[in-house]
Amino acid sequence: MKTFYIETFGCQMNAHDSEKVVGTLLQEGYTQVDRPDQAELVLYNTCSIRDKAEQKVFSRLQQFKREAGKGKVFGVLGCVAQQEGERIFERAPHVSLVAGSASYTKLPDLLVQLEAGNRRVTGLSLDTNETFDTPYTRRDNPHRAYITIIEGCDKSCAYCVVPFTRGPERSRTSESVLREAASLAELGYTEIQLLGQNVNSYRDPSPAGWDFARLLDETGKTPGIRRVRFTTSHPRDFVKGIVEAIDGNSALCNHVHLPVQSGSTSVLSRMQRLYTRDDYMRRIEWMKNARRSIAITTDIIVGFPGETEQDFKETVRLAEEVEYDSMFIFKYSKRPNTPALEYEDHIPEEEKTRRLMILQELQRAIQIRRNAAYVGTIEEAHVEGYNTATGQWIGRTAQNKTLNFIDAELPGPAEGRTLTGTYADILVTRAGPNSLAGEHIASTMNNGPGRAV
Ligand code: 5AD
Ligand code: SF4
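The present account deals with the structure reproduced in this document. (Residues numbered from 1 in each chain as written. Chains lettered and ligands numbered in written order. Predicted model: local features only at pLDDT ≥ 70, side-chain atom pairs only at ≥ 80, totals over all residues. Heavy atoms only, no water.)

### A look at the packing of aromatic side chains
Then, in step 1: According to the stated counting rule, one finds eight aromatic pairs in the structure shown.
Then, in step 2: Ring centres of F4 and Y30 lie 6.4 Å apart, and the angle between their planes is 75°; on these two criteria the pair is classed as edge-to-face. In this pair, F4 is assigned in strand β1 (residues 3-8) and Y30 in the loop between α1 (12-27) and β2 (31-32), connecting sequence segments 26 residues apart.
Then, in step 3: We classify Y30 as buried; its relative accessible area is 3%.
Then, in step 4: Look at Y275 and Y280: their rings are 6.1 Å apart centre to centre, the planes differ by 35°, and that puts the pair in the tilted class.
Then, in step 5: Classification of Y275 by relative accessible area gives buried; the value is 5%.
Then, in step 6: Residue classification places Y280 among the buried residues on the basis of a relative accessible area of 0%.
Then, in step 7: Taken together, the aromatic side chains of Y159, F304, Y332 and Y343 make up a single cluster linked through ring pairs.
Then, in step 8: Lying over the aromatic face of F330, R50 brings its terminal NZ or CZ to 3.7 Å of the ring centre.
Then, in step 9: Here the basic side chain of R91 rests over the ring of F58, its NZ or CZ set 3.7 Å away from the ring centre. (Phe/Tyr/Trp six-rings, centres within 6.5 Å; stacked < 30°, edge-to-face > 60°. Helix = DSSP H or I, 4+ residues; strand = E, 2+ residues; numbered from the N terminus. Buried < 20%, exposed > 50% of the residue type's maximum accessible area, 1.4 Å probe, protein only. Lys NZ or Arg CZ within 6 Å of the ring centre and 35° of its normal.)

### Description of the nonpolar core
Then, in step 1: By size, the foremost hydrophobic cluster in this structure holds 65 residues, and its most contacted members are I149, L194, F212, F230, Y280, M287 and L359.
Then, in step 2: Beyond its immediate stretch of four places on either side in the chain, L194 contacts I147, I149, V177, V199, F212, L216, T219, V228, R229, F230 and T231.
Then, in step 3: In this structure, Y5, F74, A92 and V95 belong to the second largest nonpolar core, which totals 21 residues. (Core = buried A, V, L, I, M, F, W, Y, C linked by side-chain atoms within 4.5 Å. Contact = heavy atoms within 4.5 Å.)

Taken by themselves, the reported measurements are silent on function.
Laid out in structure tokens, this is it:
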């Protein structure tokens, strides 16, 4: 058994975990294949944030069930694995491996057990202070790289599975984070995304004792690194020092994803979010008063148990006040083990849908208005690729807006020439609700990574 296939669901933490899992498997002598039917080991790295995400993996597992007898081995990794544990063997008896992210350091051992023909192999302990640092990460993107700075979550939001699926918070040393950033820069990466379920509660375990703002700032000083992003922030731990760091260091992207979840203090309290609407709005003020223009995005849950029409209207008002650059809106989904499951006054599905659509419509209008303000300005795009269907290059601004553009000199990739991976100055000529479009006026492609225009 030496070929494997992996499919990843969920957030960027999961995407990056898969990169580490792939690196580890390659190191163990496995070969990656593109299709599950070609693989001897089929892995699903799963998400359980909402019920729909969880259902996906079980429907995937059904697809290839009949092949299990023919020597194909199935493994479930990630958040559903941790949450469901050995119950997965009952729901899908052809699965042989179940391991949560806190056990990935043990993957080589688990693989040995699988290869020995063991039919039920598990890695489910959450009792760990380890982080999954591996030199074998196989990154999917040659220009933009993830770095995990903190794993797990110590908060206990009433709706959320993450504390149960990713275990307690553990931070990496600042030294190992900066070393990884420097080695990525040497490999030619110019953009880094610092990852954690709650990056703001980062605490350097080494004597240096850096907080997140310091780590962010120092990462941004890595020679060769032009952009540093970070996700996700919890408002409670979001301090002014982060805004000051962004203001003082142009390598730090002027974009903050700050999930509010609700605009009603009473809902926030029942969500156990540990901040009020006013606390949140103070953080928004810090960003609006910054020297740089900081794009702000958020997550909102509609239809949390007990959310009244009045509560919902407060969320709508908050969205109008903040005018987010983008917003992910979710209908509340019941999750196992979470306190909110036991709450009263669950909201009917149609009502959740109604609230979702009201917010979506409002947000669309806000985005049209906000994005229109960019027309006529020059924005720097980090070029991610080329879209053959539209004949446009695909880029992303530091504010995390998609910026598609045309280039008169290089209308598409040709004879080994490409703009992918370069930074290009784009005159914005059009704007829609979800993206900007423009024309390439200058490129820093020959300047090499990390150098100024
Ligand atoms: N139901 C709906 N949305 C949820 N989220 C987390 N848990 C749930 C749930 N039970 C949303 C939150 C979070 C985002 C990643 O997913 O908005 O910020
Ligand atoms: Fe999904 Fe949350 Fe797990 Fe990420 S941490 S994969 S969003 S459940």
